[in-house]
Amino acid sequence: MRIAVIDDESIFRMQLKMMVGKIAASQELNLEVEEFESGPAFIDSLADRRYDIVFMDIFMPDMDGIATARKLRKLTARTFLIFMTASEGHYPEAFSLHAFDYVTKPFTIERISQVLKEIIEHTPMDESFIKIAVGPLDEKIYLKDIISVTTDGHYLEINRNDNTSIRARLTSGEFLELTGSDKRFIMINRGIIINMDYIDYVDGGDVNLMDKNIFPISARKVADITQQIKDYQFDKNR
C-alpha cells in the first residue's frame, strides 16, 4: 500500500513514517510512505500517482487540510483519508469528506497501528505487484488486477480489470519471471497468458474470461492446460 503523509511540521512527518515502518516490519506488510510539507505539493503529486492511505494535517499554511482533502476527493473517492490535528473541532467537515478516521496529536504507535489494522480489515491484502516502465515512470501494477497478457510484436499488452491496459516492452517469459511465477498466471497459448482467477468457464479448447474475452488454448496442450486450470480452481476453493 502507498501512504502519503501531509504535514507542515517535519517532526510529525518523521514520527509517523517511523511508526508506519515499525508496524509494517512487525506485521510483514508492504507499506510505502511518501512525505509532503504542504497541501499544494501533495496535490501536484497526484498528476502521476495515487495513494491508498492519506494522513492529512488539518492546520497548515496556504492550503489547510480540509481544502486539500476537497481537491483530493475531486480526483478519487477511494483513498482512505485520516485527518491529524491537535484540536477536535473539525469533525463535521472531516466526515463530510468521507474521512476514515481522525487522529489527535501527539499520536502513539498504538493509535496508528489501530487505524492501519481497521483499514486492512476493509481492504483485500493481496498486495503483490510488479513495476513496469511506462515512459519516464515506473508504474506499479497489482497482480490481482491483471486479467490477461497478450503479445503484440515486441511488446506485451497487460489488460486490467478496470478496462485499461498497459503496453510494455517485455517477453512473456520476462513477465512470468517478474511475477515470481505466481500460480494465478498460466500461458495457454503462444503469447497468451491469463489470470486463472478471472476464468468464467472453459469451453472445449477456449477459455472464456469474465471480461468477455475468449482465448484459444494451444491445440497440442488442451488436455494438460484444462487439467492445470481444474487443479488450480480446486486448490483455491477447498
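An account of the accompanying structure is given in this report.

Quick notes on the overall build of the protein
Move 1: In terms of helices and strands, the protein carries 7 helices and 15 strands.
Move 2: Taking all 238 residues of the protein together, the buried fraction comes to 45%.
Move 3: Relative to all contacts within the protein whose residues are 6 or more apart in sequence, the contacts with residues 24 or more apart total 50%.
Move 4: About 13100 Å² of surface is accessible on the protein, with carbon and sulfur atoms providing 49% of the total.
Move 5: Taken together, the 29 basic and 39 acidic charged side chains of the protein have centroids lying 3 Å from each other.

Here we look at the pattern of salt bridges
Side chains that carry opposite charge are capable of pairing whenever their charged atoms lie near each other.
Move 1: One pass over the full model with this rule turns up 12 salt bridges.
Move 2: Across the pair Arg167 and Glu157 runs a salt bridge whose closest N-O atoms are separated by 3.6 Å. With Arg167 in strand S10 (residues 165–168) and Glu157 in strand S9 (residues 155–160), this residue pair connects regions lying 10 residues apart in the sequence.
Move 3: By relative accessible area, Arg167 is classed as partly exposed at 41%.

Observations regarding the pairing of strand S6 (residues 129–134)
Move 1: Sheet topology note: the S6/strand S7 (residues 137–142) ladder contains 6 bridges and is antiparallel. If you follow Ile132 over to S7, its bridge partner there is Glu139.
Move 2: Counted between consecutive antiparallel strands, the loop separating S6 from S7 contains 2 residues, among which Gly135 sits at a positive phi close to 65°.

Quick word on helix H1 (residues 10–27)
Move 1: When the terminal C-alpha atoms of H1 are compared, their 26 Å separation across 18 residues agrees well with the 26 Å that a helix rising 1.5 Å per residue should span.
Move 2: Of the surrounding secondary structure, the elements contacted by the buried residues of H1 are strand S1 (2–6), strand S2 (32–36), strand S3 (53–57), strand S4 (80–85) and helix H5 (109–122).
Move 3: Just downstream of H1 lies Glu28, where phi reads positive at about 55°.

Examining the sheet that holds strand S13 (residues 199–203)
Hydrogen bonds between backbone groups are what pair the strands of a sheet, and the pairing can be parallel or antiparallel.
Move 1: Read from one edge to the other, the open sheet built from 3 strands follows the order S13-S14-S15, with strand pairing classed as antiparallel. Looking along the sheet, the strands with just one partner apiece sit at the ends: S13 and strand S15 (214–216). The average undirected angle you get between the axes of adjacent strands in this sheet is 20°.
Move 2: Direction of pairing for strand S14 (residues 206–209) relative to S15: antiparallel, over a ladder of 3 bridges. From the neighbouring strand, Val207 faces S15, where its bridge partner is Phe215.

Some words on the packing of aromatic side chains
Move 1: The final tally for this structure, using the stated rule, is 7 aromatic pairs.
Move 2: Where Phe80 meets Phe100, the ring centres are 5.2 Å apart and the plane angle is 90°; that geometry is what we call edge-to-face. Of this pair, Phe80 sits in strand S4 while Phe100 sits in the loop between helix H4 (91–96) and strand S5 (101–104), and the two are 20 residues apart along the sequence.
Move 3: Judged by relative accessible area, which is 17%, Phe80 ranks as buried.
Move 4: One aromatic cluster in this structure is built from Phe36, Phe42 and Tyr51.
Move 5: We note Lys144 situated over the ring of Tyr142; from NZ or CZ to the ring centre the distance is 5.2 Å.
Move 6: Here the basic side chain of Arg169 rests over the ring of Tyr155, its NZ or CZ set 5.4 Å away from the ring centre.

Focus: the pairing of strand S11 (residues 185–189)
Move 1: Pairing analysis gives 4 bridges linking S11 to strand S12 (residues 192–195), with the strands arranged antiparallel. Residue Ile186 lies in a different strand from S12, and its bridge partner there is Ile194.
Move 2: Between S11 and S12, which pair antiparallel one after the other, the connecting turn spans 2 residues, and Gly191 there sits at a positive phi close to 80°.

So, how was this worked out
Residues numbered from 1 in each chain as written. Predicted model: local features only at pLDDT ≥ 70, side-chain atom pairs only at ≥ 80, totals over all residues. Heavy atoms only, no water. Helix = DSSP H or I, 4+ residues; strand = E, 2+ residues; numbered from the N terminus. Buried < 20%, exposed > 50% of the residue type's maximum accessible area, 1.4 Å probe, protein only. Contact = heavy atoms within 4.5 Å. Areas by Shrake-Rupley, 256 points an atom, 1.4 Å probe, with all protein chains shown as cover. Lys, Arg positive; Asp, Glu negative; His and termini not counted. Charge placed at Lys NZ, Arg CZ, Asp CG, Glu CD. Salt bridge = Lys/Arg side-chain N within 4 Å of Asp/Glu carboxyl O. Pairing = 2+ DSSP bridges. Expected span 1.5 Å × (residues − 1). Axes fitted to C-alpha atoms, helices over the stretch in contact; angles between N-to-C directions. Phe/Tyr/Trp six-rings, centres within 6.5 Å; stacked < 30°, edge-to-face > 60°. Lys NZ or Arg CZ within 6 Å of the ring centre and 35° of its normal.

By themselves, these are just geometric observations and shouldn't be taken as functional.
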